[in-house]
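Coordinate analysis (summary)
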Amino acid sequence: MGLFSRNIATAPVATATAVDPALAALTGTYTIDPSHSGVGFTARHAMVTNVRGTFTEYEGTLDLDGSDPAASGAAIDVKIASIDTGSADRDAHLRSADFFDAEQFPLMTFRSTSAEALGGTDYRITGDLTIKGVTKPITIDLEFNGAAKDPFGNERVGFEGKAELLRSEWGLTWNAALETGGVLVSDKIKLTFEISAIKNAE
């Protein structure tokens, strides 16, 4: 079932009735459920290993249009102060002006601008990512995991997503040189998303 695919009909008269009923049933606004979701990242450390972290506080919505999936959209606000890499000292440094400057720029935000189907359950969504007051486009590859009703009667949809960015393009330029060559923190950052969202009551 295609979530962001365009519905193409060869006969114009049939276009209005060619919508997949199961897909059309997904139409609505969904609220991201943080207790069953995750926003994470990975950075290369000292040129030899990876450090992984998460943001534990965020909120967002998905606006799904099952009759015209390409018109669907997504928005998420992430609280920078909630960063967690498993090291209190490192987290404090990341919150400081050297990196995110969480006091002056408390949120990282994403607002989608377009979406496309890649085939099967794979999709690509493009939008504006704002970090530290800088807004630039980013593309996220998504896998649609499906829709289901949970034991509490909630209509849910699920996605997995991944993206890569160069942190320097958002003004996150702090680094330290290594005696053996290279730098302490990679410029390239990998983002991951595990999203479970609940359909809002009409």
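Scroll up to find the structure.
Now for a description of the structure that goes with this document. (Residues numbered from 1 in each chain as written. Predicted model: local features only at pLDDT ≥ 70, side-chain atom pairs only at ≥ 80, totals over all residues. Heavy atoms only, no water.)

What follows deals with the side chain of Arg167. Structurally, the position occupied by Arg167 is in the loop between strand 10 (155-166) and strand 11 (185-199). For the buried Arg167, no salt bridge is present, and the opposite-charge side chain at shortest range is Asp187, 4.5 Å distant. Side-chain polar atoms of Arg167 contact the backbone oxygen of Val185, separated by 3.3 Å. For Arg167, the contacting residues outside a window of four places in its chain are Phe99, Leu172, Thr173, Trp174, Asn175, Val185, Ser186, Asp187 and Ile189. (Helix = DSSP H or I, 4+ residues; strand = E, 2+ residues; numbered from the N terminus. Buried < 20%, exposed > 50% of the residue type's maximum accessible area, 1.4 Å probe, protein only. Lys, Arg positive; Asp, Glu negative; His and termini not counted. Salt bridge = Lys/Arg side-chain N within 4 Å of Asp/Glu carboxyl O. Polar contact = N/O pair within 3.5 Å; in protein donor to acceptor, adjacent residues only side chain to side chain. Contact = heavy atoms within 4.5 Å.)

The side chains of a regular strand alternate between the sheet's two faces. Looking at chain direction, strand 9 (residues 134-149) and strand 10 are connected through eight bridges and run antiparallel. Bridge assignment links Asp141 to a residue of strand 10, and that residue is Lys162. From the end of strand 9 to the start of strand 10, which pair antiparallel, there are five residues, and Gly153 there has a positive phi angle of about 85 degrees. For strand 10 and strand 11, the ladder comprises eleven bridges, and the chain directions are antiparallel. When the bridges of strand 11 are listed, Glu164 appears paired with Lys190. (Pairing = 2+ DSSP bridges.)

Attention shifts here to a nonpolar patch on the surface. Taken together, the side chains of Met47, Val48 and Val183 present a nonpolar region at the surface, about 280 Å² in accessible area. If you trace the backbone, Val183 turns up in the loop between strand 10 and strand 11. Val183 sits in the partly exposed class, given a relative accessible area of 32%. (Patch = residues over 30% accessible without salt bridge, like charges linked within 9 Å, V, L, I, M, F, W, Y side chains within 5 Å. Areas by Shrake-Rupley, 256 points an atom, 1.4 Å probe, with all protein chains shown as cover.)

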